[in-house]
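Structural characterization, general
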Amino acid sequence: AVVTKVTDLPTRDFDFVVVGGGTAGLAVANRLTENPKYSVLVIEAGGSNVALFDSEVPFFNGHLFNTPADWNYTTAPMAGIEGRSVGYPQGHILGGTSSMNGLAYTRGSSDDYDRYARLTKDEGWSWNNLQPYFRKNERWTEPVDHHNTTGEFNPAVHGFHGINAVSLPGFIYSFDRRVIQATSELPREFPFNLDMNSGHHLGIGWTPFTIDGGVRSSSATSYLAPQFAKRPNLHVLINARVTRVVQTGTSHGIPVFKGVEFTEDRTPTASRKLLTAKKEIILSAGVIGTPHILQHSGIGDSALLSQVGVKPLVNLPSVGKNFTDHPFVANTWLVNSTDTFETALRNETLMEQQIKQWNESHTGPYAAATFATAGWLRVPDNSTIFQQFEDPSAGPNTSHFEFIIANGKTRLPLPPTGNFMVIGTVVVTPISRGTVLINSTNPFDPPVINPNLLDSDFDLFVMREAIRSARRFAQAPVFSDYVISLVDTAVTDAELDEFIRSTAITVSHCVGTASMSPKGADWGVLDPDLRVKKVAGLRVVDSSAIPVVPAAHTQAATYVFAERASDLIKAAWVMA
Ligand SMILES: Cc1cc2nc3c(=O)[nH]c(=O)nc-3n(C[C@H](O)[C@H](O)[C@H](O)COP(=O)(O)OP(=O)(O)OC[C@H]3O[C@@H](n4cnc5c(N)ncnc54)[C@H](O)[C@@H]3O)c2cc1C
């Protein structure tokens with residue numbers, strides 16, 4: 001059951017305590033409690049997702065930013081984007097970021113996962129070996145408009161019996177059909193891809209989304225659906241914030257961390273409570289929360305922790321490093337259609353009608369996310385940049401950049417007039433790396449978050465080429481009677497660099513702050529079975545464990561990591 005006070009928990013004895021009821025945390029809690037002998041407590045800082053309109057309505061996915069459902073982080077100033085700080089949303093709600101993200105469900109390329117296997121020396125992380133876990137996560141579902149999806153995906157590569165609903169867009173604009181037509185007009189540079197989740201993601205095609213009958217499918221609505229939440233061995237405490245994990249002993253000379261310190265009161269002076277897990281603590285607090293908790297617990301770069309005033313207990317210099325994210329630039333064209341997002345967003349009466357439609361039947365424009373098609377593309381192999389940088393993509397079938405192709409603007413405030421087409425260009429194999437580091441002894445202070453976007457000239461080069469590629473795409477014949485003009489004026493390298501650096505933001509596909517590495521490696525934070533190195537009783541299962549960002553939006557990879565992690569944990573305790 002989900003409870004809001006620790007006094008409402010029927011017991012204090014749990015085999016596993018999961019810190020963070022987010023994307024990965026609820027998946028692990030679900031899978032572990034499939035075994036009625038294991039009891040699990042999830043501790044989540046945020047509140048309930050239930051009946052939260054802005055979480056449920058797919059089109060309103062940005063509406064939870066800067067609300068109590070968001071941690072409301074801001075980044076440090078980043079040199080690569082002219083010293084700007086940008087907002088850094090992260091879910092502070094049951095379901096975590098899956099309760100407020102953009103809902104796109106993209107796996108990345110098979111190369112991405114094969115690289116995880118190579119990098120960790122654990123074949124279990126390879127694309128082929130993870131296939132059962134992709135299928136355990138995914139429950140492929142009809143879109144809510146019941147349109148004929150033949151030719152829009154390949155059923156052979158999907159899971160139909162998993163837990164988390166995934167569907168093609170349930171509301172399609174004529175613009176989206178133009179995008180697909182452009183792929184047949186310019187097939188050399190922009191081939192149609194029947195299914196971007198097949199492992200071969202290059203090309204342009206329909207994007208799947210975590211939407212179930214016109215309503216968001218999050219880890220909270222799926223892995224914590226009522227039939228699971230009522231399991232007598234699954235307990236979820238919300239509105240409780242974990243401040244540290246605590247050493248409870250030593251085993252064979254190794255510190256054991258099975259204690260978890262938390263508070264139900266958000267004031268810094270609040271009294272702290274302590275619980276001890278019988279088997280393991282699983283940190284699933286996300287790419288910011290996990291390194292934040294580890295460092296406050298004395299697990300991190302000892303020199304840095306001493307400087308800050310936190311007593312170092314375990315020296316793991318990689319904690320909070322290797323922070324990797326995808327930079328995003330919006331490219332805008334004025335179009336001669338009124339059938340774009342701006343029309344309803346500027347017209348209260350129309351918007352009310354569309355909301356009414358969604359309320360009554362979960363159909364209409366708000367039943368779909370804010371884009372329907374995407375592209376995954378590479379810069380040419382003979383690009384001069386490869387004389388300076390080794391190709392950071394996971395392999396020749398992996399994109400360097402993405403197009404997020406949208407039927408207009410959704411970010412408010414809108415310009416007063418005009419209808420638009422927007423292609424978001426995203427560098428999906430960035431070389432830049434940032435950090436998430438604490439700078440105070442108070443666990444209520446946010447860490448210093450620096451994704452270090454566009455630090456590397458490689459990333460800047462790819463972004464320039466992505467923008468030029470998007471402009472070539474917009475010249476497909478199908479857009480000739482549609483596009484009026486390109487709004488952005490930058491042309492030369494220098495002008496584009498200025499445009500990029502002054503407008504780039506994050507698309508929040510961040511990973512890597514508690515990265516896996518091979519067993520025995522002198523870098524990384526986790527062994528390939530996701531146990532924290534140099535300690536016992538503690539694992540990390542969330543996006544922070546992913547060592548290299550996939551060329552994809554990151555929720556599918558996060559779910560798949562959680563699915564496999566659950567089996568690894570079960571196997572460890574069956575053997576024990
Ligand atoms: C705005 C935005 C849009 C995105 N859009 C997409 C998209 O369209 N498609 C996609 O694939 N990916 C998208 N992503 C990325 C994707 O959602 C994340 O990669 C994924 O959800 C991360 O899962 P996680 O389990 O690592 O962390 P989370 O889901 O964030 O879970 C962490 C949980 O831990 C809790 N927590 C943290 N600290 C503590 C603490 N001290 N005590 C207790 N609880 C704590 C948090 O409140 C949260 O519930 C988006 C991300 C953002 C921010």
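Keep in mind the model is a prediction, meaning the values are calculated, not measured.

**Structural notes on the overall build of the protein chain**
Looking only at helices and strands, the protein chain has 14 helices and 25 strands in total. By the compact-globule yardstick of 25 Å for 576 residues, the protein chain fits well, its C-alpha radius of gyration being 23 Å. With the C-alpha coordinates aligned to their principal axes, the bounding extent of the protein chain is approximately 70 × 55 × 45 Å. Relative to its full complement of 576 residues, the protein chain shows a buried share of 63%. When contacts within the protein chain are restricted to residue pairs at least 6 apart in sequence, those whose partners lie at least 24 apart make up 74%. Summed over all atoms, the accessible surface of the protein chain reaches about 21,000 Å², with 53% contributed by carbon and sulfur. The averaged location of the 55 negative side-chain charges in the protein chain is 8 Å from the averaged location of its 46 positive side-chain charges.

**Looking at helix H3 (residues 110-120)**
With respect to burial, H3 is a largely interior element, eight of its eleven residues being buried. A positive backbone phi angle near 60 degrees is found at lysine 121, which sits one or two residues after H3.

**Brief notes about the pattern of salt bridges**
Taken as a whole and judged by the stated rule, the model has 26 salt bridges. Salt-bridge contacts for aspartate 212 lead to arginine 139; the nearest nitrogen and oxygen are separated by 3.0 Å. In this pair, aspartate 212 is assigned in strand S9 (residues 211-212) and arginine 139 in strand S6 (residues 138-140), connecting sequence segments 73 residues apart. The exposure class of aspartate 212 is partly exposed, given its relative accessible area of 31%. With a shortest N-O distance of 2.7 Å, lysine 533 and aspartate 527 are connected by a salt bridge.

**Details of the packing of helix H12 (residues 457-473) against helix H13 (residues 493-503)**
With their axes 10 Å apart at the nearest point, H12 and H13 run at an angle of 100 degrees to one another. As judged from the angle between their axes, H12 and H13 are roughly perpendicular. Judged by residue contacts, Asp457, Leu460, Met463, Arg464, Ile467, Arg468 and Arg471 of H12 engage Asp493, Leu496, Asp497, Phe499, Ile500 and Arg501 from H13. Taken together, the residues of the contact of H12 with H13 sort by class into six nonpolar, no polar and seven charged.

**As for the side chain of threonine 425**
Here threonine 425 lies in strand S20 (residues 419-427). Excluding its chain neighbours within four sequence positions, the residues that come into contact with threonine 425 are Pro327, Phe328, Val329, Asn331, Glu402, Phe403, Met463, Ala466, Ile467 and Ala470.

**Things to note about unusual backbone geometry**
In the segment running from leucine 412 into proline 413, the intervening peptide bond is cis, with an omega of -5 degrees. By secondary structure assignment, the location of proline 413 is in the loop between strand S19 (401-406) and S20. Phi is positive for leucine 530, which is not a glycine, with a value near 70 degrees. Following the sequence through the fold, leucine 530 ends up in the loop between strand S24 (505-506) and strand S25 (538-540). Phi at lysine 534 takes a positive value of approximately 70 degrees, unusual for a residue other than glycine. Structurally, lysine 534 can be placed in the loop between S24 and S25.

**Here we look at the pairing of strand S11 (residues 234-237)**
Neither face of S11 is left uncovered, since the one carrying Leu234 and Val236 and the one carrying His235 and Leu237 both have all their residues buried. As paired elements, strand S1 (residues 2-3) and S11 share two bridges and run parallel to each other. Paired with valine 3 across the bridge in S11 is leucine 237. Where strand S3 (residues 40-43) meets S11, four bridges bridge the pair, whose relative direction is parallel. From the neighbouring strand, valine 42 faces S11, where its bridge partner is valine 236.

**With respect to the packing of H3 against helix H4 (residues 127-137)**
With their axes 9 Å apart at the nearest point, H3 and H4 run at an angle of 110 degrees to one another. Comparing the axis directions of H3 and H4 gives the class roughly perpendicular. Note on element contacts: H4 touches H3 through Trp127, Leu130 and Phe134, opposite Ser110, Tyr113 and Asp114. In terms of residue class, the contact of H3 with H4 is made up of four nonpolar, one polar and one charged.

**Quick word on the environment of methionine 463**
Note on placement: methionine 463 falls in helix H12. For the pair methionine 463 and proline 430, spaced 33 residues apart in sequence, the C-alpha to C-alpha distance is 9.8 Å. Sequence-distant contacts of methionine 463, defined by excluding residues within four places in its chain, comprise Pro327, Phe328, Val329, Thr425, Val426, Val427 and Ile500.

**Topic: the nonpolar core**
For soluble globular proteins, nonpolar side chains are generally found buried alongside one another. Grouped together as the largest cluster of nonpolar side chains are 88 residues, with contacts concentrated most on Ile299 and Leu538. Counting residues per element, this core draws most heavily on helix H14 (residues 555-575), at eight residues. Among all residues touching isoleucine 299, those that are not within four sequence positions of it are Val245, Phe257, Leu294, Leu305, Val314, Leu316, Val319, Val532 and Leu538. Among the nonpolar cores identified, the runner-up in size contains 73 residues, and Ile81, Leu377, Ile385 and Phe389 belong to it.

**Some thoughts on the packing of aromatic side chains**
Under the criterion given, the structure shown has 31 aromatic pairs. Seen from their ring centres, tryptophan 140 and phenylalanine 153 are 4.6 Å apart, and the 15 degrees between their planes marks the pair as stacked. In this pair, tryptophan 140 is assigned in strand S6 and phenylalanine 153 in the loop between S6 and strand S7 (164-166), connecting sequence segments 13 residues apart. The exposure class assigned to tryptophan 140 is buried, which follows from its relative accessible area of 10%. On the basis of relative accessible area, phenylalanine 153 is assigned to the buried category, the value being 13%. Ring plane angle 50 degrees and centroid distance 6.1 Å describe the contact between phenylalanine 386 and phenylalanine 458, whose orientation is recorded as tilted. Separated by 72 residues along the polypeptide, phenylalanine 386 in the loop between strand S18 (373-377) and S19 and phenylalanine 458 in helix H12 bring together distant segments of the chain. Each member of the aromatic cluster is reached from another via a ring pair, and the members are Phe53, Phe59, Phe60, Phe171, Tyr173, Phe341, Trp358 and Tyr366.

**Considerations on the site of the ligand**
Inspection of the region around the ligand gives 37 residues, with Thr23, Glu44, Thr97, Ser543 and Gln555 positioned closest. Between the ligand and the protein, one listed contact pairs an oxygen atom with a side-chain N or O atom of threonine 97 at 2.6 Å. One of the side-chain nitrogen or oxygen atoms of serine 543 is found 2.6 Å away from an oxygen atom of the ligand. For the ligand, whose free accessible area comes to 1,000 Å², the fraction covered by protein is 95%. Looking at the shell around the ligand, the elements with two or more residues in it are helix H1 (23-32), strand S12 (241-251), helix H8 (286-296) and H14. Taken together, the residues of the shell around the ligand break down into 13 nonpolar, 21 polar and three charged.

Basis of the calculations
- Residues numbered from 1 in each chain as written.
- Predicted model: local features only at pLDDT ≥ 70, side-chain atom pairs only at ≥ 80, totals over all residues.
- Heavy atoms only, no water.
- Helix = DSSP H or I, 4+ residues; strand = E, 2+ residues; numbered from the N terminus.
- Rg over C-alpha atoms; globule rule 2.2 N^0.38 Å.
- Buried < 20%, exposed > 50% of the residue type's maximum accessible area, 1.4 Å probe, protein only.
- Contact = heavy atoms within 4.5 Å.
- Areas by Shrake-Rupley, 256 points an atom, 1.4 Å probe, with all protein chains shown as cover.
- Lys, Arg positive; Asp, Glu negative; His and termini not counted.
- Charge placed at Lys NZ, Arg CZ, Asp CG, Glu CD.
- Salt bridge = Lys/Arg side-chain N within 4 Å of Asp/Glu carboxyl O.
- Axes fitted to C-alpha atoms, helices over the stretch in contact; angles between N-to-C directions.
- Parallel < 35°, antiparallel > 145°, perpendicular 65-115°, else oblique.
- Nonpolar A, V, L, I, M, F, W, Y, C, P; charged D, E, K, R; others polar.
- Pairing = 2+ DSSP bridges.
- Core = buried A, V, L, I, M, F, W, Y, C linked by side-chain atoms within 4.5 Å.
- Phe/Tyr/Trp six-rings, centres within 6.5 Å; stacked < 30°, edge-to-face > 60°.
- Near = heavy atom within 4 Å.
- Polar contact = N/O pair within 3.5 Å; in protein donor to acceptor, adjacent residues only side chain to side chain.

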